[in-house]
Amino acid sequence: MTLRITILNGPNLNLLGTREPHIYGHTTLAEIEASCEERARDLGIALSFRQSNHEGVLVDWIQEARETADALIINPAAYSFRSVALIDAMKALGKPIIELHVSNIHARDELHRHSITSTAATAVICGLGPYGYIAALEAAVYLTGGGR
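If you're wondering where the values come from, they're calculated on a predicted model, not measured in any experiment.

A. Spatial organisation of the overall build of the chain. Counting secondary structure elements, the chain contains five helices and five strands. Its C-alpha radius of gyration of 14 Å places the chain within 12% of the 15 Å reference for a compact globule of 148 residues. When its C-alpha atoms are laid out on the principal axes, the chain stretches across 45 × 30 × 25 Å. The buried share among the 148 residues of the chain stands at 45%. Summarising the internal contacts of the chain: among those between residues at least 6 apart in sequence, 77% fall at separations of at least 24. Accessible area for the chain stands at about 7200 Å²; split by element, carbon and sulfur atoms hold 51% of it. For the chain, the distance from the average site of its 12 positive side-chain charges to the average site of its 16 negative ones is 3 Å.

B. Representation of the sheet that holds strand 5 (residues 123–126) within the structure. Judged by pairing direction, the sheet is parallel, and its five strands sit side by side in the order 2-1-3-4-5 without closing on themselves. The open sheet terminates on both sides in strands that have one partner only, identified here as strand 2 (46–51) and strand 5. Between one strand axis and the next, the sheet turns by 15° as a mean value, whatever way the strands run. Bridge count between strand 1 (residues 4–9) and strand 3 (residues 71–75): five bridges; the pairing is parallel. Bridge assignment links Ile-5 to a residue of strand 3, and that residue is Ala-71.

C. Local environment of unusual backbone geometry. Notably, Glu-20 is not glycine yet its phi reads approximately 40°, a positive angle. Among the secondary structure elements, Glu-20 is positioned in the loop between strand 1 and helix 1 (21–24). For Glu-20, a relative accessible area of 32% gives the class partly exposed. Even without glycine at this site, Ala-77 takes up a positive phi of about 55°. Topologically, Ala-77 is positioned in the loop between strand 3 and helix 4 (84–93).

D. Molecular detail of helix 2 (residues 29–43). With 15 residues, helix 2 should reach 21 Å at 1.5 Å per residue; the first-to-last C-alpha distance of 21 Å fits that figure. Those residues of helix 2 that fall on the buried side of the exposure criterion are Leu-29, Ile-32, Cys-36, Ala-40 and Leu-43. Buried positions in helix 2, seen along its axis, are confined to an arc of 75° and lie on one side of it. Along helix 2, exposed side chains directed more than 90 degrees from the buried face belong to Ala-30 and Arg-41. Packing partners of the buried residues in helix 2 comprise strand 1, strand 2 and helix 5 (131–144). Phi turns positive one or two residues past the end of helix 2, at Gly-44, with a value near 70°.

What counts, and where the lines are drawn
- For every chain, the first residue of the written sequence is number 1, and numbering continues from 1 along that sequence.
- Residue-level local features of this predicted model are given only where pLDDT is at least 70; pairs of side-chain atoms are given and counted only at 80 or more, and the full residue set underlies all totals for whole chains, interfaces and linings.
- Hydrogens and water are ignored here; the side-chain numbers use all heavy atoms of the structure.
- A run of H or I in DSSP becomes a helix once it reaches four residues, and a run of E becomes a strand once it reaches two; helices and strands are each numbered from the N terminus.
- Between the two quantities, the radius of gyration covers C-alpha atoms and the globule rule is 2.2 Å times the number of residues to the power 0.38.
- A simple rule labels every residue: compare its accessible area, found with a 1.4 Å probe on the protein chains alone, to the largest value its type can have, and call it buried under 20%, exposed over 50%, or partly exposed in between.
- The contact definition used throughout considers only heavy atoms, calling two residues in contact when any of these lie within 4.5 Å.
- Computed with a 1.4 Å probe, the accessible areas rest on the Shrake-Rupley method; for each residue, only the protein chains presented here act as cover.
- Lys and Arg are tallied as positive, Asp and Glu as negative. Neither His nor the chain termini are counted.
- In plain terms, the charge of a residue is placed at NZ if it is Lys, CZ if Arg, CG if Asp and CD if Glu.
- Whether two strands pair comes down to DSSP finding at least two bridges between them.
- Angles run from 0 to 180 degrees between N-to-C directions of axes, and those axes are lines fitted to C-alpha atoms, restricted for helices to the stretch in contact.
- The span one expects for a helix is its residue count, reduced by one, times 1.5 Å.
- Throughout, the arc means that of the directions going from the helix axis to the C-beta atoms.

Written out as structure tokens, the structure reads:
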């Protein structure tokens, strides 16, 4: 059976590469997706990679992952700091969840320092830049005991 991993990206991540490159770097979300797809092929896993600026859409996708994924990787972006709806959906998933941040949120300003959604995550990766996505994929494989 092929391991299935879903990666969800929250608001403004579609602007990676151009938005505040001094914080987030110059790599675009499309480039990150391509590197994740390549690593997923190497690991022999099926990957779903999505982005939305809308909280309700992300909640719907998390709920959908109950049937379509073995693990979830989520970069909630700004919703990390305010979304009880995402927390509730994540808690209902019942599968490994890795919360991911491109920047080191612990070194950021007070507004971007404390993720409330991490309370529903199995693990958190932050500050590794785009490589954090690859690290999260490998961690998801480890947490599920899956892969080749």
